[in-house]
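Residue strings, one per chain:
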Amino acid sequence: MASSVFYKWASRKDESRVTFDGTGISVFDMKREIILANHMSKANDFDLYIYDATSKQEYQDDSFFIPRSSSVIVKRLPAARQGKGKASYYANGAGPSLPTSEAVSRGAGVPTWHKGAMSKRFDGKDEPQT
Amino acid sequence: MADTPTLSVTMLGAGQEVGRSCCVLHYRGKTIVCDAGVHPAHSGMASLPFIDDLDWSTVDAILITHFHLDHAAALTYITEKTNFGDGKGKVYMTHPTKAVHKFMMQDYVRMSSSTSDALFSPLDMTKSLAAIIPVSVHQLITVCPGVSFTPYHAGHVLGACMFLIDIYGLKILYTGDYSREEDRHLVKAELPPVRPDVLIVESTFGTQTLEGREEKEQRFTNLVHSIVKRNGHCLLPTFALGRAQELLLILDEYWKKHPDLHNIPIYYASSLARKCMSVYQTYIHTMNANIRSRFAKRDNPFVFKHISNVPPQRGWEKKIAEGPPCVVLASPGFMDNGPSRELFELWASDSRNGLIVTGYSIEGTLAREITNEPEEFTSMKGNTIQRKISVEGISFSAHVDFSQNSEFIELVGAQHVVLVHGEQTAMGRLRAAMNSRYKERNEDVKIHTPRNLETLQLSFRGERVAKAIGA
Ligand SMILES: [Zn+2]
Ligand SMILES: [Zn+2]
């Protein structure tokens with residue numbers, strides 16, 4: 001049977017879900033599924049942020065696995081750098097196994113909350129603002 | 001001076017961009033949202049303002065300035081899909097805006113239901129429309145204790161208004177799109193009789209100077225005339241409502257004066273506009289003296305003598321395109337799909353034909369791209385088409401230009417000016433120009449250009465603060 005993770009846009013009343021096979025879905029794939037399901041891949045003006053529904057912590061590590069049947073909150077916020085949103089990066093992306101080797105070795109199945117699991121954020125937040 | 005209350009201003013859209021206007025004002029526990037538009041260069045979810053960081057149940061009122069989609073089309077999503085309904089928030093717009101908004105949204109829902117990214121259903125739309133409270137210009141409306149507002153004429157399109165908002169004595173003027181030049185049918189924007197503390201003003205044209213009305217109309221009619229005289233077809237992509245009515249008034253009058261043109265048809269391709277003609281006729285009393293006096297003489301200016309509707313059958317675009325010279329007003333104005341796009345592709349490779357872009361073209365749309373006069377472009381089917389058709393831009397978009405905007409900003413005399421609804425560079429230039437004017441005169445006026453979700457915290461000097469606290 002397919003697994004699901006439920007997501008709710010932060011401003012929306014009702015929930016939606018992403019279905020997949022397995023015990024969890026990576027943050028990267030979750031973002032990709034949401035972007036594709038909502039036909040948002042062409043817009044380059046926003047970034048998606050996913051948060052745990054209970055702790056409200058952001059899933060900053062794209063390789064982190066969200067366990068099946070959990071609920072997340074999604075926000076669409078302006079791209080950190082104007083016109084440099086990552087929607088198409090996620091939409092066309094090959095999946096979470098490709099980021100830096102550091103991320104793979106450190107993130108291996110351990111649910112670390114952001115900070116250090118990735119050497120570099122994909123949303124550009126750690127880049128100097130111009 | 002411990003807890004001086006500050007006003008926070010957050011743009012959810014139209015911050016350093018044109019499109020999806022949505023401005024959130026928060027002061028002493030009250031929240032007012034001005035406009036709720038979509039971004040015309042995007043569709044579905046991506047076209048919405050950045051609404052995810054606001055708890056919509058805390059909003060006291062949503063005020064919509066005019067019926068254009070970039071100011072009003074996200075309203076249904078917000079009232080029906082967010083938790084807005086869990087709160088006590090009310091929605092306001094003027095009577096004519098509400099009347100036209102209904103038709104605009106029916107059309108919008110019909111267009112988007114044919115794609116997979118529809119944001120809401122016809123039922124949502126009906127519910128949202130029913131909840132809108134219509135108001136009159138110059139009427140003082142109390143939203144809740146401590147919050148009231150008054151609409152003033154903004155010109156621009158039928159029903160458009162600015163809002164002078166009062167939150168516990170703090171006054172904010174939000175202009176929406178406005179024009180300071182009387183045109184064929186509308187009054188120009190008024191200067192409200194009270195000096196507000198904050199002015200939130202559009203900056204579409206930045207520091208650009210637009211040609212005067214007569215000059216512009218003459219250039220327009222001459223151009224149309226020369227295109228049809230060289231045996232070409234003249235395409236005027238325009239939105240069905242708003243500026244189209246102005247163009248029709250100009251063309252109808254010009255044709256009347258030029259009998260040699262009577263055998264050349266002007267087609268107006270919009271069933272939406274036909275439905276809205278009754279709204280225009282109902283609200284003639286809100287238009288300018290010229291229109292009102294013609295109407296009083298039983299000369300209804302919106303009954304056009306030289307304008308024909310297109311044959312109501314599928315494939316009319318091709319029929320007209322293959323026929324003799326003519327002028328066609330077709331929607332949408334940005335030519336991203338629909339009749340205007342189809343006609344453009346059919347006529348693009350014949351140099352006798354002419355395209356006149358009459359509106360402001362938003363970044364990311366074909367109407368904008370084509371003003372660079374590319375040698376070729378990609379059709380909707382993906383083929384490459386040679387562009388030989390002549391391309392000209394003449395702005396009838398009814399936004400203020402630099403001299404009108406700067407004059408209005410100075411007349412309003414607010415201590416804080418927030419520029420919105422303009423592209424980054426246009427807005428930056430306007431800010432620089434205004435700053436140097438104020439500096440010359442040694443006046444302390446702050447000009448702000450916030451990006452989306454970059455919240456401004458404004459505090460106020462002088463009696464204003466004392467009064468607000470004591471109130
Ligand atoms: Zn407008
Ligand atoms: Zn606008």
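Read on for a plain summary of the structure. (Residues numbered from 1 in each chain as written. Chains lettered and ligands numbered in written order. Predicted model: local features only at pLDDT ≥ 70, side-chain atom pairs only at ≥ 80, totals over all residues. Heavy atoms only, no water.)

1. Focus on the overall build of chain B
Of the regular secondary structure elements, chain B holds 14 helices and 22 strands. Against the 2.2 N^0.38 benchmark of 23 Å for 471 residues, chain B shows a C-alpha radius of gyration of 23 Å, consistent with a compact globule. In terms of overall dimensions, chain B has a C-alpha envelope of 75 × 50 × 50 Å along the principal axes. Expressed as a percentage of the 471 residues in chain B, the buried residues total 60%. (Helix = DSSP H or I, 4+ residues; strand = E, 2+ residues; numbered from the N terminus. Rg over C-alpha atoms; globule rule 2.2 N^0.38 Å. Buried < 20%, exposed > 50% of the residue type's maximum accessible area, 1.4 Å probe, protein only.)

2. Things to note about the overall build of chain A
If you tally the helices and strands in chain A, you get three helices and six strands. Each helix (α) and strand (β) of chain A, taken in turn from the N terminus, gives the series β-β-β-α-β-β-β-α-α.

3. Observations concerning the coordination of the zinc ion (ligand 1)
Residue and element names in this part refer to chain B. Around the zinc ion (ligand 1), the donor atoms from the protein are H66 (NE2), H68 (ND1), H156 (NE2) and D177 (OD), and they sit 2.1 to 2.3 Å away. Each of the four donor atoms around the zinc ion (ligand 1) contributes to a set of angles spanning 93 to 163°, which defines the coordination as irregular. Along the chain, the residues donating to the zinc ion (ligand 1) fall in the pattern H-x1-H-x87-H-x20-D. Between the two metal centres, the zinc ion (ligand 1) and the zinc ion (ligand 2), the spacing is 3.5 Å, with D177 acting as a shared donor. Linking H156 in the loop between β8 (147-153) and β9 (161-167) with D177 in the loop between β10 (170-174) and β11 (198-202), this pair joins segments that are 21 residues apart in sequence. (Donors = N, O, S within 2.8 Å, 3.2 Å for Na, K, Ca; no water. Tetrahedral: all angles 85-135°; square planar, octahedral: opposite > 155°, others 65-115°.)

4. Comments concerning the pattern of salt bridges
All names here are of chain B. Under the defined criterion, the tally for this structure stands at 28 salt bridges over all chains. The residue R184 makes a salt bridge to E253 at a minimum N-O spacing of 2.8 Å. Taken as a pair, R184 in the loop between β10 and β11 and E253 in helix α6 (residues 243-257) lie far apart in primary sequence, 69 residues in all. Classification of R184 by relative accessible area gives buried; the value is 12%. In this structure, D299 and K305 form a salt bridge, with 3.8 Å as the shortest nitrogen-oxygen distance. (Salt bridge = Lys/Arg side-chain N within 4 Å of Asp/Glu carboxyl O.)

5. Describing the packing of aromatic side chains
Within the structure shown, the criterion is met by 16 aromatic pairs over all chains. On the basis of an interplanar angle of 70° and a centroid distance of 5.1 Å, the ring pair of F220 of chain B and F396 of chain B is categorised as edge-to-face. Here the residue F220 of chain B occupies a position in helix α5 (residues 213-229), and F396 of chain B occupies one in the loop between β19 (390-393) and α12 (402-412), the gap between them amounting to 176 residues. Exposure class is identical for F220 of chain B and F396 of chain B. Each is buried. Counting every residue linked through ring pairs, the aromatic cluster contains F28, Y89 and Y90 of chain A. (Phe/Tyr/Trp six-rings, centres within 6.5 Å; stacked < 30°, edge-to-face > 60°.)

6. Here we look at the coordination of the zinc ion (ligand 2)
By definition of the ideal shapes, four donors in a tetrahedron about a metal sit 109.5 degrees apart, and six donors in an octahedron sit 90 or 180 degrees apart. Residues and elements named next belong to chain B. At the metal site, the zinc ion (ligand 2) is ligated by D70 (OD), H71 (NE2), D177 (OD) and H421 (NE2), and these contacts range over 2.1 to 2.4 Å. Here the zinc ion (ligand 2) is ringed by four donor atoms whose angles at the metal span 85 to 158°, and the overall shape comes out irregular. Donor residues for the zinc ion (ligand 2) sit on one chain with the sequence pattern D-H-x105-D-x243-H.

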